[in-house]
Amino acid sequence: KAILQNLFFATLNTEMRKDNPKSRQFVNRRYGIQEFYRHDRLFRDKKDALELFKDIPFLNGGLFENLDRNVGRPDEMRIDCFSNRPANSKRLRVPDFLFFGDEDEVDLSKVYGDKKRKKETVRGLIRILNSYKFTIAENTPIEEEIALDPELLGKVFENLLASYNPETQTTARKQTGSFYTPREIVNYMVDESLIAYFSNALDPADDEDLKKELDDKLHQLLSHSAQGHSFTDDEVEIIISALDNAKILDPACGSGAFPMGILHKMVHILSKIDPENARWKQRQMDKIAEISDITVREKLLEDVEESFKGNELDYGRKLYLIQNCVFGVDIQPIAVQISKLRFFISLIADQKVDRAKKNLGILPLPNLETKFVAANTLIGIERIGQLMLQSPEIDKKQYELADARQKHFSARTPKAKAKYRESDENLRAELAQLLKDKGSFGEDVAEKLANWDPYNQNASADFFDMEWMFGVKDGFDIVTGNPPYKILTKNNTEKNELQFYIKGFNSIKKSSSKNIFTLFIERGIGLDNSKGVLSYIVPEGLFQTRSYKNCVNEINKAGSVKLVVTFTDYVFENTITGNLIFIFLKNQEANTNRLHFNSNYELFEIETESSDIILAKMYSENTIALKELCFLFKGMVVKDREAMISESAREGNDIFLLGKSISKWSINTKFYTDYYGLVIIGGTKLKEKYDQYPRILIRRTGDTLCCSLLEEAALTESTLYSCYMQAGNVSIKYILSLLNSRLFDYFVKKSMITNKQAFPQILLTDLKNLPLIKVDRTIESDFESLANKILIAKQQNIDTDTKQLEAQIDLMVYKLYNLTYEEVK
């Protein structure tokens, strides 16, 4: 840590000039001093250390600043411990074996909570790192030789989230619902988001052929494998303008995978349409030429020249895209820090070292505190009036605030940064007061705005406002990312916060599901501008699971879904849900295209037209919901099930059936237990409903509809649903025939199976709405006759082949629902 602190000091301060070796010395005085090296007693040879440090250029960047706060005060916060006192040395000590330890075998079962990890091979960090090839340039998705690049930071962050905290007895991942998104998925979502955005900018005529042609041209432009592009000069100007004006947000940025993916793809586009940077550079200079202050204008023009001259072409592209276009929010300050670090590294990678020049020719890095902020994206501020800009005074103050932040972005000395931060603080206070006086905000809100400090890297704001924090008034062109997945409960959410969500978001009002990702969908739509694009990867049940219907309604009210992509395999490790990607267009109409990624991330189209017609026919005007004909209930959840049931203890005990006990048309295995001895979780003992028979048993789990007939009293476990007829209703064997038919199996697979990749199941709320047709007694009798033959055959021998009888039922069901021959095929 002593070495790292000294490296940070060197990169952070112009006072420690690379060109003046005397400025780089060890000093033993003053807390928090960052102009000299410290901890000299920890080095065996100070001269050797200075020799190692001498070629470190000044890099700037708020990321390396001292995070300690209020030193010497009662509210002191020590994070970096920039202290030279021997009493604090223990804070710097780390066992040598963690860095240099030889390979060894260690029992890590308790650490991971996994008995299989008793014999894990471990070695020191330096030895691990030495076995890899490193690069500071992030690889593209088509790199064949994969080295460890800055994406490693995101993977480290993911593992930190998965780490167990003994104090809270949970993992950070479980608390936040955060997972790191693979690069292939990020790249695909970035491409489709940008294509949707550029399609709006290029505004094709309302002609399907022209739209298809534009889509093909944009895919070629974004492709790493396709050469060149097919756009005219006028279209290139439109694309460059769209890039420069784009406002793109990741509202739960984590370690910056999506913002970094967006940046790289925008840079790639510029490299194709403006290979020498002539247009991109001129565009930056044209904007600066409009500034009235001559001194400021000349300084900024000089900065543009310096940025584009003598560096890799991508440096000037990245710098101004970062300055103008890319924004990130995360509730965790450490995530924001990692995002900023990746952007710093990305800029460093494209600077050329010239030892003949001052500071090795390295341009100091920009300050990103107002590009990535730690805040709660879901909680906005309540405005009493309209938007902020409602008077000349407010307009002027906000312009001054934006100007101060723009200057801070490019500030290259501690003195300049301090100046603009002080200006920022004063302007925030003045603007908040004006907003309060003009009636835009209440006193509490105005104070909250004034107190928000973008430069306090330890804090996370309990609100987010795009205009106040980023100066974005009309909304973002693209909102993208991987929102957290977490069920909101009283146990894991502050009571006031949960009530705020329930009150403020339609997605979870009167909804059985209160998963936080639905709030990010609704909030993302709100953060989009009038033609904005929303691109998320979310749990696969979004468009199928009934409990998310409120969220889907919000999506459909605000625009249309252009694209839905599903997956063969899990996207994230150690998850219990599959995923899908969707691309949403605000205030626009689009047909939904459905695609699928296989296990190798190869994409293919899903044919939907025929299945959609069949599903629509199932809901004809002659149908009635299953719940209108019968009573349905879910079986019981018991504690220590395996210890409480037996295949042999029949005497005096109740029959107990599990999901695995049944197959289509038959009951295979019976277990036995004492009902009154069971420990039933989360419910009251109500044996009466289990005494009802005959009833249909429907397996809850699995990727197919599986039903059998129960003709005696029996207890059932939660992996089984039960359905018994209400008095005077239709024949139970007619219902059983429908449920076991191929058409109903197809219908359930297409529209009701949820969580297909992890734990496929049918939800009771969906099952209750299965569309059945009430028929006359004659037709019922025909179905009953075939059902009886199957049931008798299965009772005599479970393995009896009844396919011909089942095929007859299938044909009758097809006819009942008016399917054509082609639809049946």
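Check the entry above for the structure.
Cut-offs applied
Residues numbered from 1 in each chain as written. Predicted model: local features only at pLDDT ≥ 70, side-chain atom pairs only at ≥ 80, totals over all residues. Heavy atoms only, no water. Helix = DSSP H or I, 4+ residues; strand = E, 2+ residues; numbered from the N terminus. Buried < 20%, exposed > 50% of the residue type's maximum accessible area, 1.4 Å probe, protein only. Contact = heavy atoms within 4.5 Å. Areas by Shrake-Rupley, 256 points an atom, 1.4 Å probe, with all protein chains shown as cover. Pairing = 2+ DSSP bridges. Salt bridge = Lys/Arg side-chain N within 4 Å of Asp/Glu carboxyl O. Expected span 1.5 Å × (residues − 1). Arc of directions from axis to C-beta. Axes fitted to C-alpha atoms, helices over the stretch in contact; angles between N-to-C directions. Core = buried A, V, L, I, M, F, W, Y, C linked by side-chain atoms within 4.5 Å. Phe/Tyr/Trp six-rings, centres within 6.5 Å; stacked < 30°, edge-to-face > 60°. Parallel < 35°, antiparallel > 145°, perpendicular 65-115°, else oblique. Left-handed = near helix turned anticlockwise from the far one by under 90°. Nonpolar A, V, L, I, M, F, W, Y, C, P; charged D, E, K, R; others polar. Disulfide = S-S within 2.5 Å. Polar contact = N/O pair within 3.5 Å; in protein donor to acceptor, adjacent residues only side chain to side chain. Patch = residues over 30% accessible without salt bridge, like charges linked within 9 Å, V, L, I, M, F, W, Y side chains within 5 Å. Lys, Arg positive; Asp, Glu negative; His and termini not counted. Charge placed at Lys NZ, Arg CZ, Asp CG, Glu CD.

Asker: Teacher, can you tell me more about the overall build of the protein here?
Answerer: The helix and strand tally for the protein stands at 30 helices and 26 strands. The buried share of the protein, reckoned over its 825 residues, is 51%. Restricting to contacts in the protein with at least 6 residues of sequence separation, those with at least 24 account for 71%. Carbon together with sulfur atoms contributes 49% to the accessible area of the protein, which is approximately 40,900 Å² in total.

Asker: How should I be thinking about the sheet that holds strand 16 (residues 654-657) in this particular structure?
Answerer: Strand pairs in the sheet, formed through backbone hydrogen bonds, run parallel or antiparallel to each other. Pairing within the open sheet is mixed, and its three strands lie in the order 19-16-22. The open sheet is flanked by strand 19 (671-673) and strand 22 (715-716), the only strands paired with a single partner. Looking at chain direction, strand 16 and strand 19 are connected through three bridges and run antiparallel. Each bridged residue has a counterpart across the sheet, and for Asp 654 the counterpart in strand 19 is Thr 673.

Asker: What exactly am I supposed to notice about the pattern of salt bridges here?
Answerer: When charged atoms on two side chains of opposite charge get close, those side chains can pair. Across all of its chains, the model carries 32 salt bridges by this definition. As a salt-bridge pair, Arg 641 and Glu 642 come within 2.6 Å of each other at their nearest N and O atoms. We classify Arg 641 as partly exposed; its relative accessible area is 23%. Sharing partners across several salt bridges, the network here consists of Lys 396, Lys 397, Glu 400 and Glu 430.

Asker: In this structure, what is going on with helix 16 (residues 392-410)? I would like to understand it.
Answerer: Given 3.6 residues to a turn, an α-helix orients residues that are three or four positions apart in the same direction. For helix 16, which comprises 19 residues, the first-to-last C-alpha distance of 27 Å matches the rise-based estimate of 27 Å (1.5 Å per residue) to within 8%. Of the residues making up helix 16, those classed as buried are Ile 394, Lys 397, Gln 398, Leu 401, Ala 404, Arg 405, His 408 and Phe 409. Down the axis, helix 16 shows its buried residues gathered within 145° of arc, on one side only. In helix 16, the exposed positions that point more than 90 degrees away from the buried face belong to Pro 392 and Tyr 399. For helix 16, the secondary structure elements touched by its buried residues are helix 14 (313-324), helix 17 (414-437) and helix 19 (466-470).

Asker: Can you walk me through the sheet that holds strand 8 (residues 476-481) in this structure?
Answerer: Strand order across the open sheet formed by nine strands is 7-6-5-8-9-11-10-12-13, with mixed pairing between neighbours. Among the strands making up the open sheet, the edge pair consists of strand 7 (372-374) and strand 13 (603-605). On average, each strand axis in the sheet is inclined to that of its neighbour by 20°, with strand direction left out of account. In this fold helix 21 (residues 516-527) packs onto strand 5 (248-250), strand 8, strand 9 (528-539) and strand 11 (579-586), with an angle of close to 160° to the strand it touches most, strand 9.

Asker: In this structure, what is going on with the nonpolar core? I would like to understand it.
Answerer: Soluble globular proteins tend to pack their nonpolar side chains together in the buried interior. Counting 133 residues, the largest nonpolar core has Leu 194, Ile 521, Leu 542, Ile 581 and Phe 582 as the members making the most contacts within it. For this core, the element with the most residues is helix 8 (residues 183-202), which contributes 11 residues. Each residue touching Leu 542, except ones within four places of it in the same chain, is listed here: Phe 517, Ile 521, Tyr 548, Cys 551, Val 552, Ile 555 and Phe 582.

Asker: Could you clarify how one ought to interpret the environment of Phe 572 in this entry?
Answerer: With respect to the helices, strands and loops of the structure, Phe 572 is situated in the loop between strand 10 (559-567) and strand 11. Looking at Phe 572, the relative accessible area reads 4%, which means it is buried. Taking the C-alpha atoms as reference, Phe 572 lies 8.0 Å from Pro 182; in sequence the two are 390 residues apart.

Asker: Can you walk me through the packing of aromatic side chains in this structure?
Answerer: Between two aromatic rings, the relevant description is the distance of the centres plus the angle of the planes. Evaluated as defined, the whole model comprises 24 aromatic pairs. Through pairs of rings, three or more aromatic residues link up here, namely Phe 327, Phe 464, Phe 470 and Phe 476.

Asker: Just checking my understanding: could you explain the packing of helix 14 against helix 16 for this structure?
Answerer: Helix packing for two helices is described by the angle between their axes and how far apart those axes are. Helix 16 packs onto helix 14 with a crossing angle of 150° between their chain directions and a minimal axis gap of 11 Å. By the criterion of interaxial angle, the relationship of helix 14 to helix 16 is roughly antiparallel. Two packed elements cross with a definite hand, and for helix 14 against helix 16 that hand is right-handed. For the pair formed by helix 14 and helix 16, the contact residues are Leu 319, Ile 322 and Gln 323 on the first element and Gln 406, Phe 409 and Ser 410 on the second. Grouping the amino acids of the contact of helix 14 with helix 16 by side-chain chemistry returns three nonpolar, three polar and no charged.

Asker: What exactly am I supposed to notice about the pairing of strand 23 (residues 720-725) here?
Answerer: Looking down a regular strand, the side chains alternate between one sheet face and the other. Counting buried positions along strand 23 gives six out of six residues, so the element sits mostly inside the fold. Of the two faces of strand 23, the one lined by Leu 720, Ser 722 and Tyr 724 and the one lined by Tyr 721, Cys 723 and Met 725 are each fully buried. In the sheet, strand 15 (residues 630-634) pairs with strand 23 via five bridges, with the strands oriented antiparallel. Opposite Lys 634, over in strand 23, you have Tyr 721 as the bridge partner. Two strands pair when backbone bridges link them, and strand 20 (residues 695-699) and strand 23 are joined in this way by four bridges, in the antiparallel orientation. When the sheet's bridge partners are listed, Leu 697 is paired in strand 23 with Ser 722.

Asker: Quick question: what am I supposed to make of the environment of Ile 338 here?
Answerer: Considering the arrangement of structural elements, one finds Ile 338 in helix 15 (residues 333-348). We classify Ile 338 as buried; its relative accessible area is 12%. Spatially, the C-alpha atom of Ile 338 lies 8.1 Å from that of Gly 254, the residues being 84 residues apart in sequence.

Asker: What is the right way to read the state of the cysteines from this model?
Answerer: Should the sulfur atoms of two cysteines be covalently bonded, the bond is a disulfide. On inspection of all chains with the given rule, the structure shows zero disulfides. Cys 707 provides the cysteine sulfur closest to Cys 706, a residue in no disulfide bond, and the two sulfurs are 6.5 Å apart. Residue classification places Cys 706 among the buried residues on the basis of a relative accessible area of 3%.

Asker: Is there a simple way to think about the packing of helix 13 (residues 294-308) against helix 14 in this case?
Answerer: As a packed pair, helix 13 and helix 14 sit with axes 7 Å apart at the nearest point and diverge in direction by 135°. As summarised for this structure, helix 13 and helix 14 are arranged oblique, according to the angle between their axes. Across from Asp 303, Val 304, Ser 307 and Phe 308 in helix 13, the residues of helix 14 making contact are Tyr 315, Gly 316, Arg 317, Leu 319 and Tyr 320. Here the contact of helix 13 with helix 14 is composed, by residue class, of five nonpolar, two polar and two charged.

Asker: Got a minute to help me understand the side chain of Lys 265 in this structure?
Answerer: Take Lys 265: it is sitting in helix 11 (residues 257-273). We classify Lys 265 as buried; its relative accessible area is 2%. At a separation of 3.3 Å, a polar atom in the side chain of Lys 265 contacts the side chain of Asn 187. The contacts of Lys 265, once residues within four sequence positions are left out, are Asn 187, Val 190, Asp 191, Leu 194, Leu 222 and His 224.

Asker: What is the right way to read helix 15 from this model?
Answerer: Over its 16 residues, helix 15 runs 23 Å from end to end, which matches the ideal 22 Å to within 8%, given 1.5 Å per residue. Among the 16 residues that make up helix 15, 12 are buried, leaving the element largely enclosed by the rest of the structure. Buried within helix 15 are the following residues: Ala 335, Val 336, Gln 337, Ile 338, Ser 339, Lys 340, Arg 342, Phe 343, Phe 344, Ile 345, Ser 346 and Leu 347.

Asker: It is not clear to me how a negative patch on the surface should be interpreted in this structure. Could you clarify?
Answerer: Judged by side-chain charge, Asp 207, Glu 208, Asp 209 and Glu 213 come together as a negatively charged surface patch. Within the secondary structure, Glu 208 sits in helix 9 (residues 208-222).

Asker: Explain the pairing of strand 11 here, please?
Answerer: For strand 11, a buried count of eight out of eight residues is recorded, marking the element as mostly surrounded by other parts of the structure. By the alternation rule, side chains of strand 11 split into Asn 579, Ile 581, Ile 583 and Leu 585 and Leu 580, Phe 582, Phe 584 and Lys 586, which are all buried. Pairing between strand 9 and strand 11: seven bridges, direction antiparallel. When the sheet's bridge partners are listed, Val 533 is paired in strand 11 with Leu 585.

Asker: Just checking my understanding: could you explain a nonpolar patch on the surface for this structure?
Answerer: There is a patch of nonpolar side chains on the surface, built from Val 94, Phe 97, Leu 98, Phe 99, Phe 100, Leu 125, Ile 126 and Leu 129 and spanning about 690 Å² of accessible area. Of all the elements in the fold, those that place two or more residues in the nonpolar patch are helix 3 (97-100) and helix 5 (125-130). Per-element accounting of the nonpolar patch gives the leading share, four residues, to helix 3.

That is the geometry; function is a separate question.
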